[in-house]
Amino acid sequence: MPCIAELPALIKAKYATTVNRWTVLLGQARPAGLLSQATGGDLAQSGVWRELLSRYQIVDVASVVFADQHGCWGFLDLWRNDTRRPFGAKDAGLLADLAAPLATALRQCQARTFAGPAAGHRADAGPVVLTLDADLRITSRTAASRDWLDVLLPPRPGQAAIPASVYNVAAQLLAAGAGIDDHPPLARTHLAEGLWLTLRAATLGAGEQAGAPRPAGAALVVTIEETSAAGRLDLFARAFAFTVRERELLALLAAGRHTRAMARRMHLSEHTVQDHLKSIFAKTGARDRVSLLSRALGRNS
């Protein structure tokens with residue numbers, strides 16, 4: 001199987017294809033697919049197989065995405081080599097049936113990261129920036145990046161951290177530039193003790209024009225920073241499966257609005273606003289508005 005050293009190439013190839021890409025599976029009736037089926041048996045149609053997996057005698061890949069109406073919480077690829085037959089319809093059906101309950105479980109795991117206010121981390125560490133080449137090899141990095149990456153994915157003794165989340169946003173930037181997928185090159189990931197990070201990728205020297213072609217040989221820049229208050233509120237609402245009204249109410253609470261003002265803004269009665277608040281408290285386990293915002297925004301009251 002591919003080794004850790006090939007992870008950048010694997011991630012780049014995975015993002016650069018539409019064949020059973022998780023964003024494609026999201027739009028299908030069933031959230032699982034087989035490479036052998038998607039390519040009609042011609043696996044070379046897949047860049048991932050052609051550029052990497054073919055060297056390891058992989059004869060099929062089963063892919064599944066774990067998503068619900070609140071977000072995409074992960075995806076999984078299962079490889080099968082030539083010691084066994086390709087996956088079948090029953091395998092794809094099993095994965096599709098498991099997708100919804102596993103998506104819920106993954107979302108609930110993210111919700112648990114908001115159990116309390118976020119602990120402070122490296123407030124004086126300075127900017128966390130990495131540059132990568134077109135093959136997703138890290139070419140330079142600020143001093144703080146190693147500390148943050150070591151926490152994101154603790155390495156084994158004597159080894160360097162493997163920054164998969166950095167590779168992911170950089171690969172998405174390349175995919176967007178190639179017209180493969182138009183999602184922004186952005187990811188949010190939990191660091192530790194309630195602290196969430198936002199990673200963004202951009203092309204160095206690309207100018208300010210959106211969608212401008214990437215200059216030949218231009219470096220990819222990935223920045224890592226603490227997730228903003230607005231970003232945390234969005235994550236919090238998604239993780240706890242808030243309704244549209246509950247999301248609106250949370251935003252008004254964070255803006256300091258009292259019950260009467262929220263009722264006027266939402267065109268609801270104060271009694272209905274209180275009912276929405278009770279639902280939010282029940283979903284999150286928060287005791288009151290202060291503890292709710294403390295957890296959502298990641299700071300002590």
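As the structure is a computational prediction, the values presented were derived from the model and not from experiment.

Asker: Account for the sheet that holds strand S3 (residues 71-81), with residues named and values stated.
Answerer: Working definition: the strands of a sheet are paired by backbone hydrogen bonds and lie parallel or antiparallel to each other. Read across the sheet, 3 strands follow the order S1-S2-S3 without closing on themselves; strand pairing throughout is antiparallel. The open sheet is flanked by strand S1 (32-34) and S3, the only strands paired with a single partner. Across this sheet, the average inter-strand angle for adjacent strands is 15 degrees, counted without regard to direction. Inspection of the sheet shows strand S2 (residues 58-68) paired to S3 by 10 bridges, in the antiparallel sense.

Asker: Tell me about the packing of helix H1 (residues 7-15) against helix H7 (residues 164-177), and please be specific about residues and values.
Answerer: Close contact between H1 and H7 brings their axes to 9 Å; oriented N to C, the two are set at 40 degrees. Taken together, the axes of H1 and H7 lie oblique to each other. Here the hand of the crossing between H1 and H7 comes out right-handed. On H7, the residues touching Leu 7, Pro 8, Ile 11, Lys 12 and Tyr 15 of H1 are Ala 164, Tyr 167, Asn 168, Ala 171, Gln 172, Leu 174 and Ala 175. Class assignment of the residues belonging to the contact of H1 with H7 gives a composition of 9 nonpolar, 2 polar and 1 charged.

Asker: Could you give an account of the pattern of salt bridges, naming the residues involved and the relevant values?
Answerer: Summed over all chains, the structure comprises 15 salt bridges. Across the pair Arg 55 and Glu 6 runs a salt bridge whose closest N-O atoms are separated by 3.0 Å. With Arg 55 in the loop between helix H4 (47-51) and S2 and Glu 6 in the segment before H1, the pair connects residues that are 49 residues apart, well separated along the chain. For Asp 234, the salt bridge is made with Arg 188, and the minimal N-O distance between the two is 2.7 Å. With Asp 234 in helix H8 (residues 229-239) and Arg 188 in strand S6 (residues 186-192), this pair connects stretches of sequence that are 46 residues apart. Taken together, the shared-partner salt bridges in this structure form one network comprising Lys 12, Asp 133, Asp 135 and Arg 137.

Asker: Describe in detail the nonpolar core, supporting the description with residues and values.
Answerer: In this structure, Leu 132, Leu 136, Val 166, Leu 220, Val 222 and Ile 224 are the most contacted members of the largest nonpolar core, which totals 30 residues. For this core, the elements supplying multiple residues, two or more each, are H1, helix H2 (22-25), strand S4 (128-132), helix H6 (143-152), H7, S6, strand S7 (195-203) and strand S8 (220-226). Ranked by residue count, the leading element in this core is H7, at 8 residues. Core analysis: the second largest hydrophobic core is formed by 25 residues, Leu 235, Leu 252, Ile 280 and Ala 286 among them.

Asker: Outline the sheet that holds S7, listing residues and values.
Answerer: An order of S5-S4-S8-S7-S6 is seen for the 5 strands of this open sheet, with the pairing classed as antiparallel. Edge strands, defined here as strands with exactly one partner in the open sheet, are strand S5 (138-141) and S6. The mean angle between the axes of side-by-side strands here comes to 25 degrees, regardless of whether they run parallel or antiparallel. Packed on one face of the sheet, H7 meets S4, S6, S7 and S8 and runs near 35 degrees to S7.

Asker: Give a detailed account of the confidence of the model for the chain, specifying residues and quantitative values.
Answerer: Here the chain averages 89 in pLDDT, while 90% of its residues score no lower than 70. Ranking the helices and strands of the chain by mean pLDDT puts S1 first, with 98, and H6 last, with 74.

Asker: For the pairing of S7, give the residues involved together with the corresponding values.
Answerer: Within S7, 7 of the 9 residues are buried, leaving the element largely enclosed by the surrounding structure. If you look at the hairpin formed by S6 and S7, you'll find 2 residues sitting between the two strands, and Glu 193 has a positive phi there, around 50 degrees. Taken together, the 7 bridges between S7 and S8 define a ladder with antiparallel strand orientation. Among the inter-strand pairings, Leu 197 is bridged to a residue of S8, identified as Glu 226.

Asker: An account of the packing of helix H11 (residues 270-284) against helix H12 (residues 289-297) is requested, with residue identities and associated values reported.
Answerer: Where H11 contacts H12, the axes come no closer than 11 Å and their chain directions differ by 55 degrees. By the criterion of interaxial angle, the relationship of H11 to H12 is oblique. Of the two possible hands of crossing, H11 and H12 adopt the one that is left-handed. Taken together, the residues of H12 that come into contact with H11 (itself represented by Gln 274, Leu 277, Ile 280, Phe 281 and Thr 284) are Arg 289, Leu 292 and Arg 295. When grouped by side-chain class, the residues that make up the contact of H11 with H12 number 4 nonpolar, 2 polar and 2 charged.

Parameters and conventions
Residues numbered from 1 in each chain as written. Predicted model: local features only at pLDDT ≥ 70, side-chain atom pairs only at ≥ 80, totals over all residues. Heavy atoms only, no water. Pairing = 2+ DSSP bridges. Helix = DSSP H or I, 4+ residues; strand = E, 2+ residues; numbered from the N terminus. Axes fitted to C-alpha atoms, helices over the stretch in contact; angles between N-to-C directions. Parallel < 35°, antiparallel > 145°, perpendicular 65-115°, else oblique. Left-handed = near helix turned anticlockwise from the far one by under 90°. Contact = heavy atoms within 4.5 Å. Nonpolar A, V, L, I, M, F, W, Y, C, P; charged D, E, K, R; others polar. Salt bridge = Lys/Arg side-chain N within 4 Å of Asp/Glu carboxyl O. Core = buried A, V, L, I, M, F, W, Y, C linked by side-chain atoms within 4.5 Å. Buried < 20%, exposed > 50% of the residue type's maximum accessible area, 1.4 Å probe, protein only. pLDDT = per-residue confidence, 0-100.

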